[in-house]
Amino acid sequence: MSSHSTVSLKDQVLNGIIKENTIFKLALSLCPSIAVTNSLKNGIFMGGAVLFVQVMVNTTISLMRNVIHPKVRLPIFMLVISGWVTVTQMLMAALAPEVNAKVGLYIALIVAFASILARAEMFASKNSLLPSMADGLGMGIGFLFALTTISFFRELVGKGSLTVPTGLATDHVFTFINTKPVLLMILPAGGFFAVGILMAGFNWINARAAAKAAAKTAPAAH
Amino acid sequence: MGHDFTKLFELIVSASLINNFVFTRFLGLCIFFGVSKKMETAVGMSITFISVMMISAAVSWVIFNLVLVPLEITFLQIIVFIGVIAGLVQVSDTIMRKVSPGLYYKLGIYLALISTNCIILAVPLINAEEKYTFIQSLAFGLGSGLGFALALIIMASIREKLELADVPAPFKGLPMAFVITGLIALAFTGFSGLITL
């Protein structure tokens with residue numbers, strides 16, 4: 001995988017957002033995608049926390065990659081990840097205590113995210129600082145994007161409103177539908193439906209894009 | 001004494017049915033979708049899961065209450081618990097390989113997967129937060145394990161049937177699994193209010 005170094009930083013960021021989107025494409029780290037997405041605000045905060053951890057972990061591992069002995073690399077990766085998660089949790093508790101009360105458990109569980117460990121193992125431990133940061137940024141933004149989409153969809157349909165954070169502790173609620181919304185969508189079960197439907201939508205768009213690309217290259221091949 | 005047992009029973013029922021980890025707390029979903037394709041793997045995973053869950057609940061309770069609390073370093077709980085679990089999985093892996101190679105051959109692969117499972121980490125974290133006693137922690141571990149096993153087995157039996165169904169192309173595979181999980185979760189909301197703790 002040494003070809004990674006030739007890929008531009010921008011492509012590295014885009015890779016995490018679209019091609020290897022953690023939730024919609026790889027179907028990893030699904031727990032928070034349903035647990036915290038019943039309001040847009042929680043989704044954005046959770047996504048932001050993951051983005052932060054992902055970038056910091058990739059940066060740390062990349063800086064340490066020549067020092068870590070290959071035999072003990074996994075425990076060290078876990079240690080680095082749990083260290084940064086602890087930092088994130090403390091920051092959240094201090095800066096946004098109200099959100100932390102709701103999503104705190106899931107923030108702690110970022111430690112067990114397969115996606116973060118996978119990026120550390122597959123990318124950051126083999127690449128230099130800048131590509132690793134770009135990779136972390138892309139993966140993190142991809143995750144934030146997925147969580148924002150899911151929570152946007154769920155809150156809009158389930159409550160008829162959107163809670164947009166205007167600061168760390170403040171937010172503004174926009175109400176769009178005043179009649180009875182589809183309550184099911186903010187119930188636990190609705191989370192599964194929402195992710196299923198959005199995932200299918202993502203597949204559909206990808207399949208169409210692939211078909212278009214194939215139609216474009218087909219005449220050229222002749 | 002009788003009252004205590006009722007409490008424990010309530011704890012197990014609530015952890016396995018009412019607050020089922022998969023359907024109402026949404027934890028362990030990666031493993032849930034990963035191993036629920038076949039009945040056989042689902043059963044293997046469930047057995048491994050319940051035992052590791054109870055042992056890790058017990059060990060981390062002891063470490064939390066006898067080491068972290070007296071030293072006032074409870075903020076390190078995430079790092080310590082993940083270490084305990086990783087170590088525990090490694091130890092049981094080694095013991096199983098030596099003592100019962102047949103069982104290891106069948107369940108070893110699940111053991112490796114377990115260390116990256118968020119439920120295993122969530123149980124000690126919740127135990128610490130709710131300040132459960134030792135016995136209560138064990139009961140909570142058992143209940144959560146049973147709940148996860150139940151979820152896996154229900155899902156595996158549905159997905160085996162689903163192989164034959166005609167699903168629209170974009171929904172094939174995971175999206176459909178999500179929708180089905182949603183339907184089961186809807187059924188599980190019916191358990192809420194069964195017991196009030």
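Structure report, in brief.

1. Notes on the environment of A:Val53
Residue and element names in this part refer to chain A. Here Val53 is to be found in helix 3 (residues 40–64). According to the C-beta neighbour criterion, Val53 is buried, with 26 such atoms within 10 Å. Sequence separation of Val53 and Val111 is 58 residues, and the distance between their C-alpha atoms is 9.3 Å.

2. Side note on the interface of chain A and chain B
Contacts between chain A and chain B engage 32 residues on the former and 31 residues on the latter. Elements supplying a minimum of two residues to the side of chain A that touches chain B: helix 2 (31–35), helix 4 (73–95), helix 5 (97–108) and helix 8 (188–221) of chain A. Considering each element in turn, the side of chain A that touches chain B owes the most residues, 12 residues, to helix 8 of chain A. By residue class, the composition of the side of chain A that touches chain B is 26 nonpolar, six polar and no charged.

3. What about helix 7 (residues 129–159) of chain A?
All names here are of chain A. Taking 1.5 Å as the rise per residue, helix 7 with 31 residues should run 45 Å; its terminal C-alpha atoms sit 43 Å apart, in good agreement. Burial analysis of helix 7 places 24 of its 31 residues in the buried class, which makes it a mostly covered element. Two residues or fewer after helix 7 comes Gly160, characterised by a positive phi angle close to 75°.

4. Quick word on the nonpolar core
In this structure, A:Leu109, A:Ile110, A:Val111, B:Leu121, B:Ala122 and B:Leu152 are the most contacted members of the largest nonpolar core, which totals 116 residues. Sort the elements by how many residues they give to this core and helix 3 of chain A lands first, with 12 residues. If we skip the residues at most four places from it in the chain, B:Ala122 touches A:Leu105, A:Leu109 and B:Leu27.

5. Regarding unusual backbone geometry
For B:Lys131, which is not a glycine, the phi torsion comes out positive at approximately 55°. With respect to the element layout, B:Lys131 can be found in the loop between helix 6 (118–130) and helix 7 (134–162).

The rules behind each value
Residues numbered from 1 in each chain as written. Chains lettered and ligands numbered in written order. Predicted model: local features only at pLDDT ≥ 70, side-chain atom pairs only at ≥ 80, totals over all residues. Helix = DSSP H or I, 4+ residues; strand = E, 2+ residues; numbered from the N terminus. Buried ≥ 20, exposed ≤ 12 C-beta atoms within 10 Å, placed from the backbone. Contact = placed C-beta atoms within 7 Å. Nonpolar A, V, L, I, M, F, W, Y, C, P; charged D, E, K, R; others polar. Expected span 1.5 Å × (residues − 1). Core = buried A, V, L, I, M, F, W, Y, C linked by C-beta atoms within 7 Å.

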